[in-house]
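Fold and geometry: a report
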Amino acid sequence: MFGVEANFSPIWLQSSTSISKNCISKTGICLPGSLSNRNLVLGKARSSVSSQFSLCKYSRTRTHFSLKASSTSVGSAEYTEEPATKVKFQTTLSLPGCSSSLSLLGTGFREKVFAIVGVKVYAAGLYVNPSVLSELNSWKEQSATKIQEDSSLFRSVFQAPLEKSLQIVLVRDVDGKTFWNALDDAISPRIKSPTTADESALSTFRSIFQERPLKKGSFIFLTWLDTSKMIVSVSSNRLPSSVDATIESGNVTSSLFDVFFGDAPVCPSLKASVADGFATVLK
């Protein structure tokens, strides 16, 4: 099974010196790396922790807390590169439908292994409102390992009345129907007794991707506005300018968050990265 070495500090942290060869110079900001078959895109939760998917290894860097990140600039925007996929994530962004800007906390990538060849499917980054830290005082001084193994911090993040968004960037072409089928395979088993509202929300979710080719470089933003409402935006190689759909179902929104940050995440490297980020900023 393949792994990727990567150093990590949350994107809102800043240091005046370079830390390692995997860091962006000057800033000290480091981020870890996290086809046709639906399991290649997201897959079922159980398969994500099996040997067919690689996990990332992380070593922490010590930096100073700062809500203003510093990174590679392109025009007026600043980016940090996820090293395994070379995907660039903006350090802060404003999304349609959101009331405040969000900061990048951590990244990861998903990889499918065929025999001995690893095929990367997408990179992902979690953006949060920095004010979420005020909801996590009970987790101060906790290790990244404890945060990752005990999902109660992630439940607190989900329940906090603050916006958070997951950006997925495809690193290969994927059919929209295939993407949805994989996502549905991960969400539906988590909803034991779907209500009419749940079925309607899933139907709305499905309609976003049906008959829609998703090319390499496509952006998919899954943004939680509160515990029962989220918005979805899809665009090609740029930040979205509009909202594609609004999903209103507490079961669907919570299940989707659990898909990525629950006890059996479909992208373990992303959860590990974010756990490390929280451990750093909560010291």
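In the block above lies the structure referred to throughout.
The rules behind each value
- Residues numbered from 1 in each chain as written.
- Predicted model: local features only at pLDDT ≥ 70, side-chain atom pairs only at ≥ 80, totals over all residues.
- Heavy atoms only, no water.
- Helix = DSSP H or I, 4+ residues; strand = E, 2+ residues; numbered from the N terminus.
- Buried < 20%, exposed > 50% of the residue type's maximum accessible area, 1.4 Å probe, protein only.
- Lys, Arg positive; Asp, Glu negative; His and termini not counted.
- Salt bridge = Lys/Arg side-chain N within 4 Å of Asp/Glu carboxyl O.
- Polar contact = N/O pair within 3.5 Å; in protein donor to acceptor, adjacent residues only side chain to side chain.
- Core = buried A, V, L, I, M, F, W, Y, C linked by side-chain atoms within 4.5 Å.
- Contact = heavy atoms within 4.5 Å.
- Phe/Tyr/Trp six-rings, centres within 6.5 Å; stacked < 30°, edge-to-face > 60°.
- Pairing = 2+ DSSP bridges.

Okay, the side chain of Asp198 next. Counting through the fold element by element, Asp198 comes out in helix H5 (residues 196–209). Here Asp198 occupies a buried position and makes no salt bridge, while the nearest side chain of opposite charge, Arg206, is found at 12 Å. Looking at Asp198, its side chain comes within polar contact range of the side chain of Asn251, at 2.8 Å.

Let us now look at the nonpolar core. One broad trend across soluble globular proteins is that nonpolar side chains are buried collectively. Core analysis: the biggest nonpolar cluster contains 57 residues, and Ile168, Phe205, Phe209, Leu222, Phe260 and Phe278 have the highest contact counts within it. When near neighbours in sequence (up to four residues on either side) are disregarded, Phe209 contacts Gly176, Lys177, Phe179, Trp180, Leu214, Ile220, Val232 and Val234. Listed in part, the 15 residues of the second largest apolar core include Leu95, Tyr127, Phe221 and Ile231.

Turning next to the packing of aromatic side chains. Within the structure shown, the criterion is met by 10 aromatic pairs. Taking the centre distance of 5.6 Å and the plane angle of 5° together, the rings of Phe154 and Phe261 count as stacked. Taken as a pair, Phe154 in helix H3 (residues 152–159) and Phe261 in helix H6 (residues 250–261) lie far apart in primary sequence, 107 residues in all. Take Phe154 and Phe261: they sit in the same class, and that class is buried. Taking 5.0 Å as the distance between ring centres and 40° as the angle between the ring planes, the aromatic pair formed by Phe257 and Phe261 counts as tilted. Taken as a pair, Phe257 and Phe261 lie in helix H6 at a separation of four residues, close to a single helical turn. Here a set of aromatic residues connected by ring pairs shows up, and it is made of Phe154, Phe158, Trp224, Phe257, Phe260, Phe261 and Phe278.

Here strand E16 (residues 245–248) shows one buried face, formed by Ala245 and Ile247, and one open face, formed by Thr246 and Glu248. Inspection of the sheet shows strand E15 (residues 229–236) paired to E16 by four bridges, in the antiparallel sense. Bridge pairing links Val232 to Ala245 in E16.

The analysis is restricted to geometry; functional conclusions fall outside its scope.
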